[in-house]
Amino acid sequence: MQTFTPATEADAADIIRLATAPLQIEGAGTKSALGRPCVGDVLRSTGLSGITLYEPSEMVISARAGTPLADITDTIAAKGQMLPFEPMDFSQLLGTVDQIEGRRATVGGMAACNLSGPRRIQSGAARDSILGLRFINGAGEIVKTGGRVMKNVTGLDLVKINCGAFGTLGFLSEVTIKLLPIPQKAVTFVIKGLEDAEAVGVLATALGSPFEISGAAHLPFGLGRNISRTLMRLENFEASITYRIDQLRKLFGAHKDINVLEGEDSVRLWRGIRDVEFIAKPQANIIWKISCAPSNGPKIMAELRALGGTHYYDWGGGLVWLSLEAPHAEVVRAAAARFGGYATLIRAPETVRAQIPVFPPESVPLTALTRSVKASFDPRGILNFGRMVEGI
Amino acid sequence: MNAILFPIPDANILDKRDQIIAGLAQIVPFENLITTLDERRAFETDALTAYRRMPLAVVLPRNTQEVSDILTFCHAHGVKVVARGAGTSLAGGAIPLEDSVVVGVAKMNGVLDVNFADRTMKVQAGITNLAISGHIADNGFFYAPDPSSQLACTIGGNIAMNSGGAHCLKYGVTVNNIFGVKMVLMDGTIVDIGGDTMDAGGLDFLGLVVGSEGQLGIVTEATVRILRSAEGARPVLFGFEGVEAAAACVAAIIGEGIIPVAMEFMDKIAIEICEAFAHAGYPMDCDALLIIEVEGSEIEMDAQLARIVAIAKQHGVKVVRASQSAMEAAAIWKGRKSAFGATGRVADYICMDGTVPTSQLSYVLKRTHEIVRGYGLRVANVFHAGDGNMHPLIMYNVNDSAEQAKAESAGNDILKLCVDVGGCLTGEHGVGIEKRDLMRHQFSNIDLAQQRRVVGAFDPLGLLNPGKVFPLDM
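Conventions adopted
Residues numbered from 1 in each chain as written. Chains lettered and ligands numbered in written order. Predicted model: local features only at pLDDT ≥ 70, side-chain atom pairs only at ≥ 80, totals over all residues. Heavy atoms only, no water. Helix = DSSP H or I, 4+ residues; strand = E, 2+ residues; numbered from the N terminus. Rg over C-alpha atoms; globule rule 2.2 N^0.38 Å. Buried < 20%, exposed > 50% of the residue type's maximum accessible area, 1.4 Å probe, protein only. Contact = heavy atoms within 4.5 Å. Areas by Shrake-Rupley, 256 points an atom, 1.4 Å probe, with all protein chains shown as cover. Lys, Arg positive; Asp, Glu negative; His and termini not counted. Charge placed at Lys NZ, Arg CZ, Asp CG, Glu CD. Buried area = accessible area lost by both parts, 1.4 Å probe. Salt bridge = Lys/Arg side-chain N within 4 Å of Asp/Glu carboxyl O. Axes fitted to C-alpha atoms, helices over the stretch in contact; angles between N-to-C directions. Parallel < 35°, antiparallel > 145°, perpendicular 65-115°, else oblique. Nonpolar A, V, L, I, M, F, W, Y, C, P; charged D, E, K, R; others polar. Pairing = 2+ DSSP bridges. Domains from an automatic or database assignment. Polar contact = N/O pair within 3.5 Å; in protein donor to acceptor, adjacent residues only side chain to side chain. Phe/Tyr/Trp six-rings, centres within 6.5 Å; stacked < 30°, edge-to-face > 60°. Expected span 1.5 Å × (residues − 1). Arc of directions from axis to C-beta. Disulfide = S-S within 2.5 Å.

### Re the overall build of chain B
Scanning chain B from terminus to terminus reveals 17 helices and 18 strands. In terms of overall dimensions, chain B is globule-like: its C-alpha atoms have a radius of gyration of 22 Å, near the 23 Å expected for 474 residues. Counting all 474 residues of chain B, 62% fall into the buried class. Contacts in chain B between residues at least 24 apart in sequence constitute 72% of all its contacts with a sequence separation of at least 6. Carbon together with sulfur atoms contributes 52% to the accessible area of chain B, which is approximately 16200 Å² in total. Taking the 38 positively charged and 54 negatively charged side chains of chain B as two groups, their mean positions are separated by 2 Å.

Here's what the structure looks like:
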C-alpha cells in the first residue's frame, strides 16, 4: 500500500485520473476508523495546506483542504470569530491520537464528515455553514461548487451532498466557511436530578422558549456525577444572559436543584459533550449515534435499556450517544426505526464495520439514487469505494 | 424579439396532445385537468411575464399518488413535465414549454402535523409560505424564511428555488429550515428523504433537492423546522446622505460581531417609490436608507440598538427613527416588502438578484447606476444588505422591444459584475431561464457538466423542467 501526499490540487487530480484501482481518501486520518473499511493506496490532502482567504468583516474563510482545523480556529478566534457548528474532535473517541502522532485533524476531513456539535440545534450542521467547495471528482476533474457569499442559489448545489459523503464523491481540495462572532459570554443553566423523559421535556420547553438555547443536553446519573444533569447553554451579550437566566429561573422555578456554570466550567462541559468524552471509555465498547426527533430519544432508550450500556443526549434529545459492550445492531436499529430515527455506528472494530452496515440502511429507491449519484461523480469507483455502502 | 430562447418543441408530442390529455383524464377528475385555451392561459408564464409558452395541459393532482401516476404516465410517453407552485418565480423557473404538461401542486395545501415539542411541522407542498407561519402564530411560533412573495408563494416552490427573504441573515434560507420531504421522481417512484430528525445518515439528498429548480423530482410534502418567535421585534430606519456611508455602516456592524435579524437597503429612487405606496414614514431627504431590525426583550433590543446606533453615528447617519408601535413597524416592513409591487405601478421592471461580498457593496452600487445609465434607463435598488444579496430593479417599457433588450443587457452586465467581484448570479430567485445563458460566466464547463450528470442521476431522460438552469447546448 502506497501513500500519496500531493503538494498541489493539479497533482492530486493527476493521481486520481491515472488511478486504475480504488484510492483511500484521507486528510490526516484522524477519522479513518469512521465508516466501512475500504482498501487501496492512500491519497492524503495534508500536502494541500494554508488559508487562502480570510475576510473578518465578511465573516468568511477559505482554506485548502489539508489545513489543520486548529490553525483555522486559532486564526479566526484572534479576530473574535468561530465556526458556527462546533465540530467535534474524534481523536480521543476513536483512539487515533497516539497512532498518528504529529498529524492533526483537517478542515477537509471535517467537511467530508459533516462534523457538527452541540450548536447544531441553533446554527445548523457543517453543511449549513460551508459556502463553497473545490473538489476533484473520480474522473480527475477539478470542480468548484458554491462560492464565498452566504446567499447563493446559482446552479445545482453540490456542496451539501459532498459534506457527509466521506470522500466517496470527491477529493476535497478547498473549503469556504461562513463564520459567526464569538458571543460575549456563555453560561450553562443546570437542573439536577431529572429522569431522561422528564429532562427531554424540560429541554423542549427551553428550546421552545424565545431564549435562544445554543446547547441542550442531558447527562444521566453516573456520567461524571452521581446525579443526572440537564444542561441548557446561553450564548449572547452580557445584558441578554442576565435577563435570560432570570427568565429560565422563572420558567423552571418548580425544580429545586438549579445552578449556573460560567467560564471554563461551562466551556469544559460542552467540549466533553461535543467530543463524546463521557462514554469514550472503555475503549473496547461499541459507540452508536442515534438521530431522532428529540421527544423520541428517551422512548428509544427505554426500549434499549435491557442491553445495558451508557448513554447521554444532545440536541435536546434528538441525538443519543450510546456505548454498548456488543453491537446489537438489529435491536438498536429496530428501536430507532420504530420512532423514525437513524442509528449510525461510530466506533467498532474493523471486522464489525465490515459486517454490519455502518450507516443506516436506506430504502430501495434511495439506495438506487445513492448508486446513480455516486456514478455521476465517480463512474469508475475510485474514491473511497465502499466506505459508506458496500459495493458503492 | 425576446432574447432568451426556448427549446424547440417536439412535433411528435404536440401531435399526440389529445392522447396525452385522454391519459391524464384517467388519473385525475375532470375538474383537476385544465385543457381549454382560456384556462391554460393563466399558467403560460410566472412572474417573469415577458416570456410565456402555452403548455399542452395543466394537471392539479390532489395527493402524492396522483402525482406519481401522472409522472409514470408522462415518463412512459416521453412527455416533459414542469412543476408549478404559485407561479411567482422571478427567474422564469415555472414557465411551461409548449410540449410539456404543467403539474401544479396548489390543490395539495394542507397541514398534516404540528409538533411543538420537537419544533417541526409537516405540510403539503401547495401550502403558501405565509399560511405555515399563520397556522402556528397563535402558539408563538413561525417558519423563518420569508420571501417577499410569501403571501402567494408555496413551500413547494420555496424548496425548488431554495428561497430566502429579509430575515435569513439570522435564520438561514429554505435549505437550513427543512428536515425532510416526500418527493416523486420522474419515473413515478415515491421517495422519502430525511424525516423529522436533524441528521439522516447516508448521502445528503435533501441538500441536493432543495434548490434543484424542479429538475430532480416533484416534492409533495415537507417537514419544516418551526421556531419560537422572539419576545419582540423593532425595525429602525437609518437615513444616510451618501450610499457609500450606508454600505460602510453595514460592513462595520457585521465587523463588530453584531448580527441583526435583518438589514435592508434602499436607495433614493426605491425610497420614493415605496414611500408613495406604503406611507411608512421613510425619510425623503436621504440618499440611502437602512432598515435594521433587532429582536428580543425590551432590555435586549435597547442594548443591541445602542451599539448599532453608535456605529451608525460613526458613519454619519442623518436620521435614526425607531418604530414606536406595532402599526409603525408593520408599515416599515410593508414598504419594504411591497417594493417590487410598488415599482411595478411606476414602470415595468426586471429584478436582478446577484450576491456580492459585503465589502464590495458600495462599489457595485456605484457601477450598477453607471451601467444602467449607460443604457439610458433608470434603476431602483432595494435589497438584503447584511448578506450582500442585491436586487436592482431596472425599469423599462415592456411594449418597447428595443428598451426591453437594453434592460436585459444592463441586467446581464450587472450580474457579470457580481460574479467578477467574488459573488454569484443569483442569491435567492434561482437561475430559471433568466440567468441560464450566463452560467458559463460563473462556472466552467466541467462544473456545469458535473451538475448536469447529478440531475441525470435522478431524471435520466431529462423530462423534468428542461430548458432551465443549464445553457441549452448542454
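Now, onward.
### Focus: the interface of chain A and chain B
If you look at the interface, chain A gives 69 residues, while chain B gives 88 residues. Between chain A and chain B, a total of about 6300 Å² is buried, with carbon and sulfur atoms accounting for 60% of that surface. When the buried surface of chain A facing chain B is broken down by residue, Lys151, Val153 and Leu156 of chain A rank first, second and third, together holding 14% of it. On inspection of chain A and its partner chain B, the count reaches eight salt bridges. Two residues, Glu428 of chain B and Lys151 of chain A, come together in a salt bridge whose shortest N-O distance is 2.9 Å.

### Notes on the environment of Ile127 of chain B
All names here are of chain B. Here Ile127 is to be found in the loop between strand E6 (120–124) and helix H5 (129–136). For Ile127 and Ile155, which are 28 residues apart along the polypeptide, the C-alpha to C-alpha distance reads 6.1 Å. Apart from the residues within four sequence positions on either side, Ile127 is in contact with Met108, Asn109, Gly110, Val111, Ile132, Cys153, Thr154 and Ile155.

### A closer look at the packing of helix H8 (residues 238–251) of chain A against helix H11 (residues 298–314) of chain B
Running from amino to carboxyl end, H8 of chain A crosses H11 of chain B at an angle of 175°, the nearest separation of the two axes being 9 Å. When the axes of H8 of chain A and H11 of chain B are compared, the pair comes out roughly antiparallel. For the pair H8 of chain A and H11 of chain B, contact is made by Ala239, Ser240, Tyr243 and Arg244 of chain A and by Ile299, Glu300 and Ala303 of chain B, respectively. Residues of the contact of H8 of chain A with H11 of chain B, tallied by class, amount to four nonpolar, one polar and two charged.

### Things to note about the sheet that holds strand E16 (residues 348–351) of chain B
Residue and element names in this part refer to chain B. Read across the sheet, seven strands follow the order E15-E12-E14-E13-E17-E18-E16 without closing on themselves; strand pairing throughout is antiparallel. Here the strands that pair on one side only, and so sit at the sheet edges, are strand E15 (319–322) and E16. Looking at each pair of strands side by side, their axes are set apart by 20° on average, direction ignored. In terms of strand pairing, strand E12 (residues 233–240) meets E15 through four bridges, oriented antiparallel. The residue bridging Leu237 from the neighbouring strand is Arg321, located in E15. Its contacts with the sheet put H11 on E12, strand E14 (288–295) and E15, and the angle it makes with E12 is roughly 10°. Packed onto the sheet, helix H14 (residues 361–374) meets strand E13 (262–267), strand E17 (378–384) and strand E18 (392–396) and runs at close to 155° relative to E17.

### Quick word on the domain arrangement of chain A
Residues and elements named next belong to chain A. Entries for chain A in the domain assignment read domain 1 (3–181), domain 2 (185–274) and domain 3 (277–355). Placing the centre of domain 1 and that of domain 2 at their C-alpha centroids yields a distance of 32 Å. Each side of the interface is counted separately: domain 1 has nine residues, and domain 2 has 11 residues. Together, the buried faces of domain 1 and domain 2 total about 750 Å²; carbon and sulfur atoms form 54% of this surface. Remark: the boundary between domain 1 and domain 2 carries two salt bridges. Salt-bridge contacts for Glu235 lead to Arg119; the nearest nitrogen and oxygen are separated by 2.9 Å. In this assembly, domain 1 and domain 2 are joined by two residue pairs in polar contact (both at pLDDT 80 or more).

### Observations concerning the packing of aromatic side chains
Throughout the structure, instances matching the rule amount to 12 aromatic pairs over all chains. On the basis of an interplanar angle of 40° and a centroid distance of 6.4 Å, the ring pair of Phe189 of chain A and Phe252 of chain A is categorised as tilted. Of this pair, Phe189 of chain A sits in strand E11 (residues 185–192) while Phe252 of chain A is found in the loop between H8 and strand E14 (258–262), placing the two residues 63 residues apart along the sequence. Here the two residues Phe189 of chain A and Phe252 of chain A agree in accessibility, since each one is buried. Summarising the aromatic geometry, the rings of Phe142 of chain B and Tyr171 of chain B are spaced 5.4 Å apart at their centres and angled 80° between planes, so their arrangement reads as edge-to-face.

### What about H11 of chain B?
All names here are of chain B. Given a rise of 1.5 Å per residue, 17 residues ought to cover 24 Å, and the 24 Å separating the end C-alpha atoms of H11 matches this to within 8%. The set of residues buried in H11 consists of Glu300, Met301, Gln304, Leu305, Ile308, Val309, Ile311 and Ala312. Down the axis, H11 shows its buried residues gathered within 160° of arc, on one side only. With respect to the buried face of H11, the exposed residues turned more than 90 degrees away are Lys313 and Gln314. In the stretch just after H11, Gly316 is the one whose phi turns positive, near 70°.

### Quick look at the pattern of salt bridges
According to the stated counting rule, one finds 42 salt bridges over all chains in the structure shown. Between Arg148 of chain A and Glu58 of chain A there is a salt bridge; the shortest N-O distance is 2.8 Å. Taken as a pair, Arg148 of chain A in the loop between strand E8 (142–146) and helix H6 (159–162) and Glu58 of chain A in the loop between strand E4 (51–55) and strand E5 (60–64) lie far apart in primary sequence, 90 residues in all. Ionic pairing is found between Glu300 of chain B and Arg244 of chain A, a salt bridge with its closest N-O pair at 2.6 Å. Residue Glu300 of chain B is found in helix H11, and its partner Arg244 of chain A is found in helix H8; the two belong to separate chains. Grouping residues by exposure puts Glu300 of chain B and Arg244 of chain A together as buried. Salt bridges sharing partners connect three or more residues here, namely Glu212 and Arg244 of chain A together with Lys170, Glu295 and Glu300 of chain B.

### A look at the side chain of Thr154 of chain A
Along the chain, Thr154 of chain A falls in the loop between E8 and H6. Among the polar contacts made by the side chain of Thr154 of chain A, one reaches the side chain of Asn152 of chain A at a distance of 2.9 Å. A polar contact of 3.2 Å, which involves the side chain of Thr154 of chain A, links it to the backbone oxygen of Thr426 of chain B. If sequence neighbours within four positions are ignored, Thr154 of chain A has contacts with Cys424, Leu425, Thr426, Val431, Met439, Gln442 and Phe443 of chain B.

### Describing the sheet that holds strand E7 (residues 130–136) of chain A
Within a beta sheet, neighbouring strands are joined by backbone hydrogen bonds and run either parallel or antiparallel to one another. Residue and element names in this part refer to chain A. Overall, antiparallel pairing links the five strands, which are arranged E4-E5-E9-E7-E8 in an open sheet. Across the chains shown, the open sheet's two edge strands, defined by having one partner strand only, are E4 and E8. Within the sheet, the average angular offset between the axes of one strand and its neighbour, ignoring direction, is 10°. Examined bridge by bridge, E5 and strand E9 (residues 171–178) share five bridges and lie antiparallel to one another. Its bridge partner lying in E9, Val60 is registered against Lys178.

### Describing the state of the cysteines
Tallied over the entire structure, the rule returns zero disulfides over all chains. Cys424 of chain B provides the cysteine sulfur closest to Cys168 of chain B, a residue in no disulfide bond, and the two sulfurs are 12 Å apart.

### Considerations on helix H1 (residues 9–18) of chain A
Residues and elements named next belong to chain A. Burial in H1 covers these residues: Glu9, Ala12, Ala13 and Ile16. In an axial view of H1, the angular spread of the buried residues amounts to 100°, which keeps them on one side of the axis. Residues of H1 that are buried in the fold lie against strand E2 (23–26), strand E3 (41–44), E7, E8 and E9.

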